[in-house]
Every structure is written in structure tokens, then in C-alpha cells.
Amino acid sequence: MAEINIILATDCGSTTTKAILIEKIDGEYRLSVRGEAPTTVEAPFDDVTVGVLNAVREIEELSGRKIIDDGGLIMRPASGEKTGVDLYLSTSSAGGGLQMTVAGVVKSMSAESAQRAALGAGAIIIDVIAVDDGRKDYEKVRRIRELRPDMILTSGGTDGGTVKHLAEIAEMLLAADPKPRLGLGMKLPVIFAGNKEARKPFMDILKEKVDLKVVDNLRPSLEAENLGPARAAIHELFLQHVMQQAPGYGKLSSWTDSGIMSTPNAVGRIIETIAAQFSMNVLAVDIGGATTDVFSVFDGTFTRTVSANLGMSYSICNVLTEAGIANIQRWVPFDSDETDLRNRLRNKMIRPTTIPHTLDDLRIEQAVSREALRLAFDHHKSLARSLKGVQQVRTIGEIMDQSETGQTLVKMMNLDMIIGSGGVLSHAPRAAETAYMMMDAYQPEGITMLAKDSIFMMPQLGVLSVVHPEAAAQVFERDCLIKFGHVIAPVGNGKAGDAACTITIDGSDQAFKCGTLTVIPLGLGETKEVTIRPGRNFDMGAGKGKPVTAKVEGGTVGLMIDTRGRPMQLPTDKKLRISKLQEWHSSLGLEVGG
Amino acid sequence: MGTAYTPGLKVSPRTLVRKFRRLPLKGQVLVNSGDMVEPDTVVAHTQIPGVMQTVRAAQILGVDSAGLHNALRVGVGDVVTASQIIAETKSFFGLMRNEVKSPINGTIELISDTTGNIGIRLPSTPIEVKGYVRGKVSEVIPDEGVVVETEAAMIQGIFGVGGEQIGEIAILVSGPDQPLTDSMIDASMEGKVIVGGSNVSGAALKKAISVKAAGVVAGAIIDRELIDFLGYDIGVAITGQEDICTSLIITEGFGSIRMADRTFNLLKSLEGKRASINGATQIRAGVIRPEIIVPLDIAVSDDEVADPVQYLDIGANIRCIREPYFGQLGTVTGLPPEPVVVPSGSTVRVLEAKLADGQDVIVPRANVEIIAQ
């Protein structure tokens with residue numbers, strides 16, 4: 001590869017197309033400028049490249065570099081006269097992203113593995129069909145027919161296992177005769193990733209009706225999950241079918257130096273890359289207007305989930321429906337009227353681009369965000385788990401312990417970093433507000449770094465990590481992440497006033513009582529060695545009451561000490577609850593509103 | 001950020017309306033370019049293939065899957081009727097019989113050696129797409145549908161429920177600030193599009209349905225009353241498929257909000273005219289707003305009906321669409337170029353405005369919509 005010094009990357013979102021320019025300066029890759037413009041997938045433009053060129057023109061104005069030639073194409077390679085770029089890449093989630101139905105034989109085994117494969121490839125799952133999912137056959141057939149996904153992933157049976165059940169799934173698809181969402185008259189792409197001995201009967205039943213692609217079994221044995229081939233096939237079909245049907249994408253594909261990657265797929269790539277590079281367990285969230293994506297890497301296992309109807313504008317009322325008004329009100333730090341609150345959220349739903357003008361309005365949106373983040377995280381934990389059905393050799397002690405297969409992989413005490421992104425987190429006026437929302441929603445345990453993606457450039461860095469991992473890692477570390485600081489949160493509960501922990505910093509002891517939130521000044525890049533001695537009912541990871549010594553790092557908020565208990569319990573009495581919320585806001589230097 | 005404001009909803013006494021009328025699957029277009037169509041003219045039709053019903057034949061007969069072939073009385077492609085024997089076995093010299101009957105009228109599509117099942121496909125279902133508005137076919141999309149063009153008065157609502165309906169406009173309130181109540185609605189409203197003022201109550205909606213009104217248009221509705229009316233909560237604003245005979249269109253938002261004068265006055269001027277309405281709303285990328293279309297009986301002329309582009313300029317009339325000035329009208333008096341810190345603490349692009357009550361205020365540009373002149 002020729003030397004890469006100037007990189008242009010775009011992310012075409014549903015509403016905004018974002019462009020970044022990366023330049024190699026003094027041997028280091030750094031973010032240089034960014035630009036954005038409205039996405040133009042819809043009428044009257046019906047061409048995604050119009051928005052891309054508008055965003056790139058903003059980059060041209062800000063950087064003084066001429067990137068688009070007279071024919072409206074991106075010039076390559078870069079020349080010495082501030083002209084052109086060496087590499088152009090793009091991601092996209094416009095036009096509804098990639099919508100998939102997955103099918104398997106057993107809901108908690110092959111169908112769950114299929115979900116993980118599809119989600120990992122950046123899809124939104126619109127239905128999970130399984131032989132044992134409790135619905136009647138005709139109900140499943142009707143559902144498959146109604147949904148019109150972009151593609152279907154089918155799995156089931158270990159290699160050498162059931163054939164009949166897979167043939168029945170094929171019959172169900174045949175019965176439904178499903179059509180793709182885009183491309184009138186096109187055949188629906190179906191990926192078969194099940195028992196290899198069922199390939200022929202599956203193909204015999206469906207070959208005339210669908211566009212069938214066969215890949216290796218994603219669950220070849222009970223003990224193994226092999227998601228790579230299915231994920232690669234999804235990506236390939238996404239490029240061949242879905243992207244080619246979307247307006248202007250054929251042209252955009254021809255411009256890029258690597259295929260267009262779906263946005264969540266790209267974010268997953270950068271999270272995996274960074275977790276591996278720094279040997280970390282990472283949790284990342286992107287909360288948008290319509291959907292919330294959650295990514296995690298625990299002990300090297302990557303999981304992505306998307307909660308398709310949890311978001312802060314288009315889907316704000318779905319948060320209301322799923323969480324309930326009481327759960328939202330519990331985070332509002334002043335007395336709020338239920339009818340007024342409900343009407344406000346409805347009005348946000350129908351005018352999704354409006355922004356909070358008053359502090360009250362901001363606090364209400366931030367209350368909703370805590371519930372959206374919590375619900376999406378609950379969903380994530382239910383899918384990020386060890387394989388079900390694996391036979392284990394257990395000791396008597398383990399049998400008595402009654403631990404089952406299929407336990408969640410999300411162990412909060414082992415989590416090193418939480419990264420937040422998406423409007424409500426990235427654009428909160430004060431850093432402490434973002435950190436506070438993440439603390440309430442995720443309730444980190446032990447010692448955890450809180451951070452945010454500065455300008456949501458993880459998608460662009462994700463696609464870059466595939467072709468130039470060094471540049472992606474350098475920009476991620478230096479320009480993408482804004483660290484808020486470590487949060488120290490002992491696990492356990494105690495009465496207000498009881499000692500939760502004592503922390504030794506710089507040779508002096510500070511005691512922290514239960515039910516408090518404290519910030520100790522510690523700036524970006526500053527570190528301290530601390531010894532934390534939890535109270536007798538509290539655990540910092542070494543066991544109840546056992547001390548832990550660690551190096552902690554500060555950030556734009558500082559070192560945060562959260563002794564509000566795990567699991568955290570808000571007072572049930574309204575007056576007391578509001579009083580505690582106001583106290584915690586004050587501890588973080590935040591005004592309350594109301 | 002130059003476009004960081006919400007374009008106003010269309011409220012136009014005369015505009016060119018183009019409606020795409022598309023089939024869900026490929027089919028046949030029944031009209032030609034230049035034809036005049038009425039709302040109930042069928043412009044295209046197709047056949048939706050029937051669902052295949054699976055009969056577990058081998059299991060019913062007690063034979064293995066591969067043995068099913070010896071029991072078959074039909075083959076792939078055969079047309080069968082309900083209760084017709086499609087497979088049977090005999091034992092004890094024909095004295096004991098086991099049989100499988102077709103549960104439906106249909107065509108045999110599948111006989112599986114693997115599962116022992118027989119698949120019978122139901123006949124196709126015909127579906128039609130109608131013109132929806134009175135107008136001229138301006139474009140034929142081969143095998144898919146048409147574009148119908150008409151010069152019309154058009155009002156977009158902010159949110160609605162229910163699908164396409166046709167009806168005569170009837171104003172039941174004295175002004176844009178009067179709520180629509182159930183006592184105002186009687187049997188004479190059958191097939192009509194009822195216009196209320198600031199708010200429609202849940203009871204009024206139920207009454208409108210009971211008299212089979214085609215639609216209800218009002219400024220606002222209280223969140224709880226909409227939920228009670230539908231019987232379920234709407235989590236995401238994607239509507240139009242509700243199984244109701246009366247479509248609802250609200251023009252301002254949730255709560256109780258006076259209908260904009262311009263909207264009310266236009267509706268009043270159209271009283272007695274036949275309107276095509278649709279409550280379908282999709283607030284996502286590719287936004288769809290509910291609509292009221294009243295075709296005018298004049299020929300389409302491109303030059304006269306083009307809508308002026310709406311710009312956020314000094315002197316532009318605006319409506320605030322978020323607290324603390326929600327629903328208030330005003331005029332833009334200043335457009336500071338630099339972002340400003342607003343009370344929430346956010347730094348955003350703002351505008352200066354004089355509200356109708358005389359207040360001078362600063363509002364984020366994202367929180368206003370322009371009202372067409």
C-alpha cells in the first residue's frame with residue numbers, strides 16, 4: 001500500500017451525514033476537521049452522495065484542502081498542494097439500516113446464536129422465529145410474510161443433528177413466500193447456517209423462491225459457536241442487495257476504497273479492536289433518536305445488541321411505554337405532574353428535532369435517558385451470555401451452587417471502561433451530566449472509567465480499523481475519547497450514615513458514608529494510587545470488607561466516589577427521593593431546575 | 001446548522017399535490033397517463049400469493065416420511081378442494097383405512113420426503129390500489145402503479161391515526177379555540193370530516209366513530225384520551241394501520257392547543273367540499289405527516305402553484321414548538337450568527353423573536369417552525 005497520509009471518512013446516518021478528515025502530522029494520525037450535512041436518501045434528492053459531497057465541502061472550507069474535483073468526484077491520491085486524499089471510506093445506517101429476521105430450531109440455542117451473528121454484523125432484528133417459540137405455525141407464517149426483512153438468517157441443528165426441523169423451517173418460509181423490503185420483484189436473500197447435512201433438503205424446498213446462500217454452521221456443536229462465516233455472508237449480502245437498492249449507494253460504493261460498512265458493524269469493529277489492544281473489558285452505548293445500540297467485550301467475547309425502539313426522540317414514547325411513567329419520574333429532581341410529563345414526551349415524539357430550552361426540560365430528557373439506557377442494557381445482558389446447552393463437568397460444589405449454562409457474560413465488577421455516545425450523552429451541556437446519567441443507568445461496580453465519544457466518530461474509525469488499524473487506534477486514543485474519570489463504587493447496601501468505605505489518597509484517609517456521591521478533583525491524565533477499604537457489608541472485588549489498592553485516573557469530571565449502594569435503591573417516599581436527587585446533583589456541581 | 005429549524009407543515013389554499021399510488025407487489029396498472037381518476041377509481045391491481053398450509057400427512061397416517069409417497073392420492077400442482085382425500089393407507093385387506101383430507105381449497109405445492117408434510121397453497125388474494133384523490137394520472141410506473149396529480153388545497157397535520165378516507169368537511173366549532181365535544185356530534189355527521197378547535201375529547205372521538213364519521217380534525221388531544229380511544233399505547237409514531245373507520249388528524253400537538261388561525265380559516269373556507277384525508281403518520285427518516293387534500297376544480301398549472309421556499313429570515317412568522325413558549329406565535333427580529341448559551345446550559349444557534357403578546361424572547365432555532373406567508 002502506498003503511504004497513507006490523508007484519510008477522509010464519512011458516516012451516512014438517518015438524518016445527518018458526518019465527515020472527518022484525518023491527517024498524519026509529525027508521524028501521528030490525528031483528527032483534523034469534521035463537517036456535516038443533512039442526509040439525502042429521501043426525496044427530493046433520492047441520492048445519498050449529495051449529502052456526502054455537502055459534508056465534504058464543509059471539510060474543504062474548514063481545512064483549505066480541495067477534495068472534490070470539477071466532476072464532483074473525490075480526488076485521490078493527495079498531492080503536496082493541499083489537494084485530494086489518500087483513502088476514502090464510508091459507513092451507513094441511512095434508510096432504516098439492515099433489518100433482519102433470524103430463525104433457528106431451539107430459541108435459547110441456535111436461534112440465540114443466529115441473533116448474535118446478525119446483531120454482530122450490524123443488523124436490527126425484527127423477529128426471531130424458532131420451532132419452540134410458542135407460536136402456532138400459521139402465526140409464524142403470517143409474521144414472516146408481514147415483516148418484509150432485508151434478509152433472513154436460518155440456523156439450527158448441530159452438524160450431524162436434526163434435519164427434519166430445518167426442513168420444517170424451510171417449509172415455513174416457503175409457505176410465507178416472503179418478499180424483501182427493498183427492490184420490488186427481487187428475491188429475498190436467505191442465509192443457511194445450520195446443520196450441514198440439512199443443506200440439500202433446505203435448498204430443495206426453497207431454491208426456486210429465494211436467493212439462497214449457504215455458509216458453515218454457526219453452532220456446529222453444542223460447545224462451539226462459529227459466527228464468523230454467517231457475519232461475513234450478512235455483510236456481503238448487505239453490500240450486494242440492500243445497499244444496491246438504496247438511492248445513490250451504487251455510486252457511493254464505487255467511490256470508496258473499501259465496501260460501505262453498516263454503521264453498527266463499524267462501531268463493533270473499533271470496540272473489538274480497542275478492547276484487544278488495551279486488554280480491557282469494555283461496554284459502549286450509542287443512544288440515538290430511534291434506537292439504542294449496546295456493545296460489550298468481556299474476556300475477549302464481543303456482543304452487540306440493538307434495542308430498535310428505545311431512543312430519545314422518535315422512540316421516546318416507547319421508553320415511556322416500556323419503563324412506565326413512574327420509573328421516569330423517579331429520576332426527575334423536582335415535583336413533576338404526570339399529565340404534563342406525558343404530553344411533553346408526546347410532543348417530543350412528533351417534533352423530534354427540537355431541543356431542551358429550559359433546565360426543567362433538560363432534566364426530564366435526562367430522566368428518560370436513564371430508563372432508555374437501563375432497558376437497553378437489560379436487553380444486552382440477556383443476550384451477552386455463555387452458550388446454553390453446553391455439557392459441563394462440575395464438582396459437587398458447583399452443582400450445589402446451581403450455576404447454569406447461559407449465564408450473562410456482563411460482570412460489572414470486571415468492567416474497565418464504559419463509553420457513551422449519542423446526542424443525549426454527547427451533547428449534554430456539562431460533562432458531569434453525562435457521567436451521572438451513565439452511573440445511574442449502568443451502576444458500575446468497583447473501579448470503572450467513564451468516557452464519551454467526543455463527536456461520534458467511532459463508525460468512521462471502525463471502518464478505518466479494517467484497512468488501517470494503526471491510524472484508527474491513534475485517532476481513537478487521542479481525539480475520539482473524552483475521559484470523565486474513574487468511578488469508585490463499592491457493592492453492597494447500608495443504612496444512611498453507615499460507613500461505605502474509606503479511601504487513602506496521598507497518605508490521608510477520607511471516609512465516605514452510604515448514600516452519597518462525591519467528586520474528588522483529579523484532572524485529565526492525572527493518576528493517583530489509592531487504597532479503598534470497604535465497610536463490612538461492602539465489596540470492592542476482593543470480598544466483603546477486604547481492601548483494594550489501585551491506580552485511578554481523573555478526567556473532565558474528576559475521581560467519582562459513588563456510595564449509593566449496589567443495587568442502588570432510590571427512596572420510595574417522593575419528598576425524600578427528590579431531596580436525595582437534589583443532593584447528588586449538587587455534589588456534582590449541577591443545578592436542579594424545577 | 002443553517003437549516004437548524006423545523007420546516008413548517010404545509011397549510012396551502014392552492015398547491016400541486018402529487019400522490020404515488022403503488023402496489024405492494026408487481027401487478028397490472030389499469031389507467032393511462034393523462035386519464036382523470038376519482039378517489040375510488042381502481043388504478044392498479046395485483047394478486048397476493050396465498051399462504052401455504054402445511055399438513056403433517058406422514059404423522060397423521062403413522063408412516064415414515066419416505067413412505068408417504070405410497071399413500072399419496074395427489075401430486076404437486078394438483079388443485080384440491082376442502083375435505084378431498086389427499087393421502088390414505090389401507091391395512092387388513094383394505095378393512096382399516098387411514099386418510100388425510102385437505103383442510104382448504106388450494107393447490108398442492110410441496111410433498112416432502114424429509115418431513116412427510118404436504119403443502120397446500122391457498123388461492124391468491126386480489127388487491128387493488130385506488131386513486132385516493134380526484135386528479136390526473138401524470139405518470140405510469142410500469143407494473144407498480146401511478147402518480148396522480150391534482151391542484152388542491154392541502155393541510156398537513158402533526159400527528160394522526162387511521163388510514164385513507166373520503167368525506168365532506170363539516171365545521172362544528174365556532175372558532176379555533178373551542179374544543180370539540182361529543183354533544184356536538186350527531187347522526188348527520190356520517191361520512192363527514194368533522195373539524196374541531198383546540199382539542200378533541202376521547203368521548204367525542206368515540207361518538208364520531210359511532211356515527212361513522214370519515215374523520216376528525218382538531219388542534220390537539222390529551223395523551224391519555226388517545227390511549228383510551230385506541231385501547232393501547234403508541235410507542236413509536238408510525239400509524240395508519242389502525243382498524244378504525246374514522247381517521248384522526250391533530251394539527252398542533254398533545255394537550256389542549258388552539259388550532260392555528262391559518263389552518264382553521266382554510267378549513268372553514270373549504271366547508272362542504274369533499275376531502276381526501278389520511279391519518280397515516282411516520283416520524284422517522286422519510287417523514288410522513290397526516291393530510292387533508294381538497295382538489296380544486298381547476299386545471300393544473302405548474303407556474304402558479306409552486307410553493308415558495310420557506311426561509312428563516314428577519315420578519316418571518318414563526319410558531320414556537322417547545323417549552324417554555326410552546327404554541328406561541330411570533331415574528332423573527334434577529335438571527336445572531338454565533339451560538340448562544342440557553343437556560344438548559346446548551347450552546348446552540350438561536351433567533352430573537354417578538355411574540356404575539358409583545359414579549360421579546362430568544363429561542364433555539366430548532367424549536368420553531370416557519371408559518372407560510
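Residues numbered from 1 in each chain as written. Chains lettered and ligands numbered in written order. Predicted model: local features only at pLDDT ≥ 70, side-chain atom pairs only at ≥ 80, totals over all residues.

Visitor: I keep staring at the overall build of chain A and nothing clicks. Help me out?
Guide: A count of helical and extended segments in chain A gives 18 helices and 22 strands. Relative to the 2.2 N^0.38 estimate, which gives 25 Å for 594 residues, the radius of gyration of chain A is 25 Å and therefore close to what a compact globule would have. Each principal axis of the C-alpha distribution contributes one length, and for chain A these read about 75 × 70 × 50 Å. By the burial criterion, 54% of the 594 residues in chain A qualify as buried. Contacts in chain A between residues at least 24 apart in sequence constitute 70% of all its contacts with a sequence separation of at least 6. (Helix = DSSP H or I, 4+ residues; strand = E, 2+ residues; numbered from the N terminus. Rg over C-alpha atoms; globule rule 2.2 N^0.38 Å. Buried ≥ 20, exposed ≤ 12 C-beta atoms within 10 Å, placed from the backbone. Contact = placed C-beta atoms within 7 Å.)

Visitor: What exactly am I supposed to notice about the sheet that holds strand β9 (residues 106-111) of chain B here?
Guide: What holds strands together in a sheet is hydrogen bonding between their backbones, with the strands either parallel or antiparallel. In space, the four strands of this open sheet follow the order β5-β10-β9-β6 (chain B), with antiparallel pairing throughout. If you trace the sheet from one side to the other, it starts and ends with β5 (52-55) and β6 (79-80) of chain B, each paired once. Relative to strand β10 (residues 118-121) of chain B, β9(B) runs antiparallel, the two sharing four bridges. Looking at the pairing, T107(B) lines up with R121(B) of β10(B). Together, β5, β9 and β10 of chain B form the strand contacts of helix α4 (residues 164-176) of chain A, whose direction differs from that of β5(B) by roughly 145°. (Pairing = 2+ DSSP bridges. Axes fitted to C-alpha atoms, helices over the stretch in contact; angles between N-to-C directions.)

Visitor: Just checking my understanding: could you explain the domain arrangement of chain A for this structure?
Guide: All names here are of chain A. If you check the domain split of chain A, you get domain 1 (6-94), domain 2 (97-251) and domain 3 (282-587). A separation of 35 Å is found between the C-alpha centroids of domain 1 and domain 2. Within the side of domain 1 that touches domain 2, the residues separate by chemical class into two nonpolar, two polar and two charged. (Domains from an automatic or database assignment. Nonpolar A, V, L, I, M, F, W, Y, C, P; charged D, E, K, R; others polar.)

Visitor: Before we go on, may I ask you to explain the pairing of strand β15 (residues 164-171) of chain B in this structure?
Guide: Strand residues, when the strand is regular, have side chains that alternate between the two faces of the sheet. Residues and elements named next belong to chain B. With five bridges connecting them, β15 and strand β19 (residues 274-278) associate as antiparallel partners. Note on β19: the bridge partner recorded for G167 is A275. Both β15 and strand β16 (residues 192-195) contribute to a ladder of four bridges, which runs parallel. In the strand pairing of β16, I169 is matched with V193.

Visitor: Would you explain the interface of chain B and chain A in this entry?
Guide: Much of the literature gives interface size as the accessible area that the parts lose upon coming together. Of the residues lining the interface, 46 residues belong to chain B; the matching set on chain A comes to 51 residues. Listed by contribution, the elements that provide at least two residues to the side of chain B that touches chain A are β5, α4 (223-230), β18 (247-254) and β26 (360-364) of chain B.

Visitor: What is the right way to look at the domain arrangement of chain B in this model?
Guide: Per the domain assignment, the segments of chain B are domain 1 (52-121), domain 2 (158-289) and domain 3 (317-370). A C-alpha centroid distance of 72 Å is found between domain 1 of chain B and domain 3 of chain B.

Visitor: What is the right way to read unusual backbone geometry from this model?
Guide: Note on backbone geometry: most residues besides glycine have negative phi, and most peptide bonds are trans. For the bond running from R566(A) to P567(A), omega is -5°, close enough to zero to count as cis. On the secondary structure map, P567(A) appears in the loop between β22 (559-562) and α18 (574-587). Cis geometry is adopted by the peptide bond preceding P324(B), which originates at E323(B) and carries an omega value of 10°. Counting through the fold element by element, P324(B) comes out in the loop between β21 (317-320) and β22 (329-334). For D506(A), which is not a glycine, the phi torsion comes out positive at approximately 50°. Following the sequence through the fold, D506(A) ends up in the loop between β17 (499-505) and β18 (508-513). Residue D506(A) is classed as exposed on the basis of its C-beta count, with 7 C-beta atoms lying within 10 Å. Backbone geometry places K212(B), a non-glycine residue, at a positive phi of 60°. Mapped onto the elements, K212(B) comes out in the loop between α3 (202-210) and β17 (215-221). Classification of K212(B) as partly exposed rests on a count of 14 C-beta atoms within 10 Å.

Visitor: Just checking my understanding: could you explain the sheet that holds β18(A) for this structure?
Guide: All names here are of chain A. Taken together, four strands build an open sheet; the order of strands is β18-β17-β20-β21 and the sheet is antiparallel. Unpaired on one side and paired on the other, β18 and β21 (548-553) mark the two borders of the sheet. Averaged over all pairs of adjacent strands, the angle between strand axes in this sheet comes to 30°, irrespective of strand direction. Alignment of β17 against β18, held across six bridges, turns out to be antiparallel. Residue C501 lies in a different strand from β18, and its bridge partner there is F512.

Visitor: What is the right way to read the packing of helix α16 (residues 458-467) of chain A against helix α17 (residues 469-480) of chain A from this model?
Guide: Two quantities define a packed helix pair, namely the angle between the axes and the distance from one axis to the other. Residues and elements named next belong to chain A. Look at α16 against α17: their axes get within 7 Å of each other, and the N-to-C directions meet at 155°. For the element pair α16 / α17, the angle class is roughly antiparallel. The way α16 lies across α17 gives a crossing that is left-handed. Every residue of α17 that contacts α16 at M458, L461, L464 and S465 is listed here: P469, A471, A472, V475, F476 and C480. Taken together, the residues of the contact of α16 with α17 sort by class into nine nonpolar, one polar and no charged. (Parallel < 35°, antiparallel > 145°, perpendicular 65-115°, else oblique. Left-handed = near helix turned anticlockwise from the far one by under 90°.)

Visitor: Is there a simple way to explain the nonpolar core in this structure?
Guide: General note: in soluble globular proteins, nonpolar side chains tend to be found buried as a group. I7(A), A118(A), L153(A), L173(A), I191(A), A230(A) and I234(A) are the most contacted members of the largest nonpolar core, which has 255 residues in total. Sort the elements by how many residues they give to this core and α4(A) lands first, with nine residues. Contacts of I191(A), omitting those with residues within four sequence positions, involve M151(A), L153(A), T154(A), K213(A), V215(A), A230(A), A233(A) and I234(A). Residues I318(B), C320(B), V342(B) and V350(B) belong to the second largest nonpolar core, which totals 16 residues. (Core = buried A, V, L, I, M, F, W, Y, C linked by C-beta atoms within 7 Å.)

Visitor: So what exactly am I meant to see when it comes to the confidence of the model for chain B here?
Guide: Note: predicted coordinates in regions of low pLDDT should not be interpreted at a detailed level. Residues and elements named next belong to chain B. Mean pLDDT over chain B: 90, with 93% of residues reaching 70 or higher. When pLDDT is averaged over each helix and strand of chain B, the minimum, 50, is found for helix α6 (residues 302-305) and the maximum, 98, for β16. Per-residue pLDDT stays below 50 along residues 1-5; that stretch engages in eleven contacts with residues further than four places along the chain or on separate chains. Among the prediction metrics, the complex's ipTM stands at 0.84, with pTM recorded as 0.86. (pLDDT = per-residue confidence, 0-100.)

Visitor: Please clarify how the environment of N347(A) should be interpreted in this entry.
Guide: Looking at where N347(A) falls in the secondary structure, it is placed in helix α11 (residues 338-350). Once residues lying within four places of it in the same chain are set aside, the contact partners of N347(A) are G253(B) and F254(B).

Visitor: Could you clarify how one ought to interpret the packing of α4(A) against helix α5 (residues 199-206) of chain A in this entry?
Guide: All names here are of chain A. Two numbers describe how α4 lies on α5: the axes approach to 9 Å, and their chain directions differ by 15°. On the basis of the axis angle, α4 is roughly parallel to α5. For the pair α4 and α5, the crossing hand works out as right-handed. Within the contact between the two elements, α4 uses L166, A167, A170, E171, L173 and L174 and α5 uses P201, F202, I205 and L206.

Visitor: Whenever I open this one, the environment of Q115(A) confuses me. Can you help?
Guide: Residues and elements named next belong to chain A. Examined against the element boundaries, Q115 turns out to sit in helix α2 (residues 110-120). For Q115 and G497, which are 382 residues apart along the polypeptide, the C-alpha to C-alpha distance reads 46 Å. When near neighbours in sequence (up to four residues on either side) are disregarded, Q115 contacts V102, I125, V128 and L383.

Visitor: Teacher, can you tell me more about the pairing of strand β8 (residues 96-101) of chain B here?
Guide: Direction of pairing for strand β7 (residues 85-91) of chain B relative to β8(B): antiparallel, over a ladder of six bridges. Pairing of K90(B) across the sheet is with R97(B), part of β8(B).

Visitor: What should I look at first to understand helix α9 (residues 316-323) of chain A in this one?
Guide: An α-helix turns once every 3.6 residues. As a result, residues three or four positions apart point the same way. Residue and element names in this part refer to chain A. Among all positions in α9, only I316, C317, N318, V319 and L320 are buried. Against the buried residues of α9 lie α10 (325-329), α11 and α12 (359-383). Phi turns positive one or two residues past the end of α9, at G324, with a value near 90°.

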